[in-house]
Amino acid sequence: KGCTYTALSGGERGLKESGIETEMIFLGVKPLPDCMGCGKCRETGECVFQDIVNEIVEKAKTCDGFVFGSPVYYAHPSGRLLSALDRIFYSGSKEFAFKPGAAVVSARRGGTTAALEAIQKHFSINQMPIVTSNYWSMVHGNTPEEVRQDREGMRTMYNLGRNMAWMLSCMQAGPEHPQNEKESTNFIRYSGEE
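Residues numbered from 1 in each chain as written. Predicted model: local features only at pLDDT ≥ 70, side-chain atom pairs only at ≥ 80, totals over all residues. Heavy atoms only, no water.

*Asks:* Can you walk me through the overall build of the protein in this structure?
*Replies:* Within the protein, the regular secondary structure consists of seven helices and four strands. Secondary structure elements of the protein occur, N-terminal to C-terminal, as α-α-α-β-β-α-β-α-β-α-α. Relative to the compact-globule value of 16 Å for 194 residues, the protein shows a C-alpha radius of gyration of 18 Å, a close match. In terms of its C-alpha atoms, the protein occupies a principal-axis envelope of roughly 65 × 40 × 35 Å. Burial status across the protein gives 41% buried among its 194 residues. (Helix = DSSP H or I, 4+ residues; strand = E, 2+ residues; numbered from the N terminus. Rg over C-alpha atoms; globule rule 2.2 N^0.38 Å. Buried < 20%, exposed > 50% of the residue type's maximum accessible area, 1.4 Å probe, protein only.)

*Asks:* Would you explain the packing of aromatic side chains in this entry?
*Replies:* Aromatic rings in a pair are described by how distant their centres are and how their planes are angled relative to each other. One pass over the structure, following the stated rule, counts seven aromatic pairs. Geometrically, the ring pair formed by Phe66 and Phe96 is tilted, given 4.5 Å between the ring centres and 40° between the ring planes. With Phe66 in strand β1 (residues 66-73) and Phe96 in helix α4 (residues 79-96), the pair connects residues that are 30 residues apart, well separated along the chain. Judged by relative accessible area, Phe66 falls into the buried class, the value being 10%. You can call Phe96 buried: its relative accessible area is 0%. Through a chain of ring-to-ring contacts, the aromatic side chains of Phe66, Phe68, Phe89, Phe96 and Phe123 assemble into a single cluster. (Phe/Tyr/Trp six-rings, centres within 6.5 Å; stacked < 30°, edge-to-face > 60°.)

*Asks:* I keep staring at the sheet that holds β1 and nothing clicks. Help me out?
*Replies:* Each strand in a sheet pairs with its neighbour through backbone hydrogen bonds, running either in the same direction (parallel) or in the opposite one (antiparallel). The four strands lie next to each other as β2-β1-β3-β4, forming an open sheet whose pairing is mixed. With partners counted over all chains shown, the strands left at the sheet margins are β2 (76-77) and β4 (138-140), one partner each. Relative to β4, strand β3 (residues 101-107) runs parallel, the two being bridged by three bridges. For Ala107, the partnering residue across the bridge sits in β4 and is His140. Sheet contacts for helix α1 (residues 3-17): β1, β3 and β4; angle to β1, the most-contacted strand, approximately 150°. Each of β1, β3 and β4 touches helix α7 (residues 151-173); the most contacted strand, β3, lies at about 170° to it. (Pairing = 2+ DSSP bridges. Contact = heavy atoms within 4.5 Å. Axes fitted to C-alpha atoms, helices over the stretch in contact; angles between N-to-C directions.)

*Asks:* Explain the nonpolar core here, please?
*Replies:* One broad trend across soluble globular proteins is that nonpolar side chains are buried collectively. Counting residues in hydrophobic clusters, the biggest one holds 24 residues, and the most contacted among them are Phe68, Ile88, Phe89, Phe96, Val105, Ile119 and Phe123. Residue assignment for this core shows that the elements contributing at least two residues are α3 (52-60), β1, α4, β3 and α5 (112-124). A total of six residues in this core trace back to one element, the largest contributor, which is α4. Those residues in contact with Phe68 that lie beyond four places of it in its chain are Leu81, Leu85, Phe89, Phe96, Ala102, Ala103, Val104, Ile119 and Phe123. Residues Leu8, Ala102, Val131 and Val147 belong to the second largest nonpolar core, which totals 16 residues. (Core = buried A, V, L, I, M, F, W, Y, C linked by side-chain atoms within 4.5 Å.)

*Asks:* Hey, could you run me through the pattern of salt bridges in this one?
*Replies:* Side chains bearing opposite charge may pair, as long as their charged atoms lie close to each other. A full pass over the atoms with the stated rule returns seven salt bridges. For Lys59, the salt bridge is made with Glu23, and the minimal N-O distance between the two is 3.0 Å. With a gap of 36 residues between them, Lys59 in helix α3 and Glu23 in the loop between α1 and α2 (40-44) connect regions that are remote in the sequence. Under the relative-accessibility criterion, Lys59 is labelled partly exposed at 34%. Two residues, Arg148 and Glu145, come together in a salt bridge whose shortest N-O distance is 3.5 Å. A residue pair is termed a helical-turn pair when its members lie 3 or 4 positions apart in one helix, as Arg148 and Glu145 do in helix α6 (residues 144-149) at three residues. Judged by relative accessible area, Arg148 falls into the partly exposed class, the value being 47%. The class for Glu145 is partly exposed, based on a relative accessible area of 42%. (Salt bridge = Lys/Arg side-chain N within 4 Å of Asp/Glu carboxyl O.)

Here it is, written out as structure tokens:
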């Protein structure tokens, strides 16, 4: 329940006041392996590493939107979160597509916008609408108490929660999302001629 938790709690307040049910998931303290690109999840529907990543993908099947938060380390999200996100979106991309996502970061001082961009790239490659607030979704402070004193940051978190609730209601009222087809190629083309 540190700085990132405090920021997420501000967003959660905005969601709950808008009638949205929430659940926070902590990645824990055990090491999380990186995605190896083995492709087994395409066959089995789950990551070969049996840990919290599969639990999150399973929960995503019944969720309507997502907020991912991280402390900022060296102008970047935590390696734990990035390892989890790579595996979550590789193995469970269909459970997240067309559902809104938001990123939240906390920092003592700097590196926040680069960290936000790194998290949001997972959303944009997966056809997820990105939820924003009235400012970048970040808080500043070295302790939860200092984060709570960041009044602008905490207001931004609250507004992020309210904006997520609004987007969820708009999506529920709107038409079905497009059924886009995906085509994967690499950049080297073989012309058939030697």
